[in-house]
Amino acid sequence: EWKSLYQIQRERKRIMRETCSKYKSNNRRIITPYHVSRIFVEDKYRVLYCEVPKAGCSNWKRVLMVLNGLASSTKDIQHNTVHYGNYLKRLDGFDHKGIYHRLNTYTKMLFIREPFEKLVSAFRDKFEHPNNYYHPVFGKAIISRYRVNATKEALKTGSGVKFKEFIEYLLDVHRPVGMDIHWDHVNRLCSPCLIDYDFVGKFESMEEDANFFLHLIGAPQNLTFPKFKDRHSNEERTTTKITQQYFAELSPSQRQRSYDFYYMDYLMFNYSKP
């Protein structure tokens with residue numbers, strides 16, 4: 001059964017490399033700490049994991065913590081421990097030699113997700129629930145720039161951003177507030193044209209890909225990838241159908257421009273145009 005999974009990996013890596021050589025001139029750029037700032041390090045099983053938000057990252061961090069001996073089971077680890085506990089080291093925390101040694105010898109992996117679904121998942125998570133960072137920082141800026149006749153209340157709290165307004169912000173070259181890892185390109189987060197990843201997993205086949213990866217690195221047999229949804233677990237996961245409902249609120253031109261915005265991710269990871 002692993003045979004077909006090896007085949008899938010070869011194919012994904014081939015497409016990624018071909019896309020890189022076709023579109024990227026910077027194949028031999030120097031890797032700086034900035035390029036590896038999203039990469040988490042697990043020294044025991046020698047894994048480097050590039051974190052792509054909304055593609056299973058919380059559960060991957062749980063798995064890395066278990067591999068590292070920081071927890072005995074993924075079930076015991078709370079969301080806040082995962083994200084704010086600083087248990088896992090990042091690659092940019094090492095010196096030049098430590099960075100290069102690990103890049104050259106560890107198994108480097110990333111997990112991705114269909115770009116529009118990933119985007120809607122991030123929007124639902126950050127703007128449809130109370131959030132004391134995204135509402136004041138992003139919400140206020142988005143509402144004051146893109147909402148005509150916004151109420152005082154909305155301008156004060158930054159709550160209630162509509163998907164259409166969020167997309168206006170995303171596509172605006174003069175954004176009133178910067179980019180964020182939750183909706184940035186995988187291309188920018190993980191530099192796949194600069195760092196030669198050994199394993200490319202997809203959220204859509206998460207269980208199969210994740211358990212294959214754990215098999216490849218020789219993880220303990222009893223460690224499997226957790227199935228649970230980390231955020232707002234009583235809510236339905238963002239599916240293709242839910243994504244289509246959100247995108248239906250946009251004009252055809254906004255839909256096309258959103259696709260253009262994530263074009264490299266669509267190409268590099270072989271997702272068909274929605």
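Residues numbered from 1 in each chain as written. Predicted model: local features only at pLDDT ≥ 70, side-chain atom pairs only at ≥ 80, totals over all residues. Heavy atoms only, no water.

## Remarks on the packing of aromatic side chains
Evaluated as defined, the whole model comprises 33 aromatic pairs. Geometrically, the ring pair formed by Y6 and F212 is edge-to-face, given 5.0 Å between the ring centres and 85 degrees between the ring planes. Pair noted here: Y6 is in helix α1 (residues 2-23) and F212 is in helix α10 (residues 206-216), with a separation of 206 residues, a long-range link. Residue Y6 is classed as partly exposed on the basis of its relative accessible area of 39%. When the ring of F261 is compared with that of Y262, the centres are 4.9 Å apart and the planes differ by 85 degrees; the resulting orientation is edge-to-face. Each member of the pair, F261 together with Y262, is buried. Its guanidinium or amino end placed over the ring of F203, R113 lies 3.9 Å from that ring's centre, counting from NZ or CZ. Over the ring of Y271 we find K202, and its NZ or CZ is 4.0 Å from the ring centre. (Phe/Tyr/Trp six-rings, centres within 6.5 Å; stacked < 30°, edge-to-face > 60°. Helix = DSSP H or I, 4+ residues; strand = E, 2+ residues; numbered from the N terminus. Buried < 20%, exposed > 50% of the residue type's maximum accessible area, 1.4 Å probe, protein only. Lys NZ or Arg CZ within 6 Å of the ring centre and 35° of its normal.)

## Re the state of the cysteines
For the coordinates displayed, the defined rule picks out two disulfides. Between C20 and C193 runs a disulfide, and the two sulfur atoms are separated by 2.0 Å. The sign of the -85 degrees torsion about the S-S bond sets the C20-C193 disulfide as left-handed. Here C193 lies in the loop between α9 (186-190) and β5 (199-202) and C20 lies in helix α1, a separation of 173 residues in the sequence. By relative accessible area, C20 is classed as buried at 5%. In this model C50 forms its disulfide with C190; the gap between the sulfur atoms is 2.0 Å. Its S-S torsion of about -90 degrees marks the bond between C50 and C190 as left-handed, since a negative value means left-handed. Taken as a pair, C50 in strand β2 (residues 47-50) and C190 in helix α9 lie far apart in primary sequence, 140 residues in all. The pair formed by C50 and C190 is uniform in burial state, with each residue classed as buried. Going through the chain in sequence order and numbering each bonded cysteine, the pairs you get are 1-4, 2-3. (Disulfide = S-S within 2.5 Å.)

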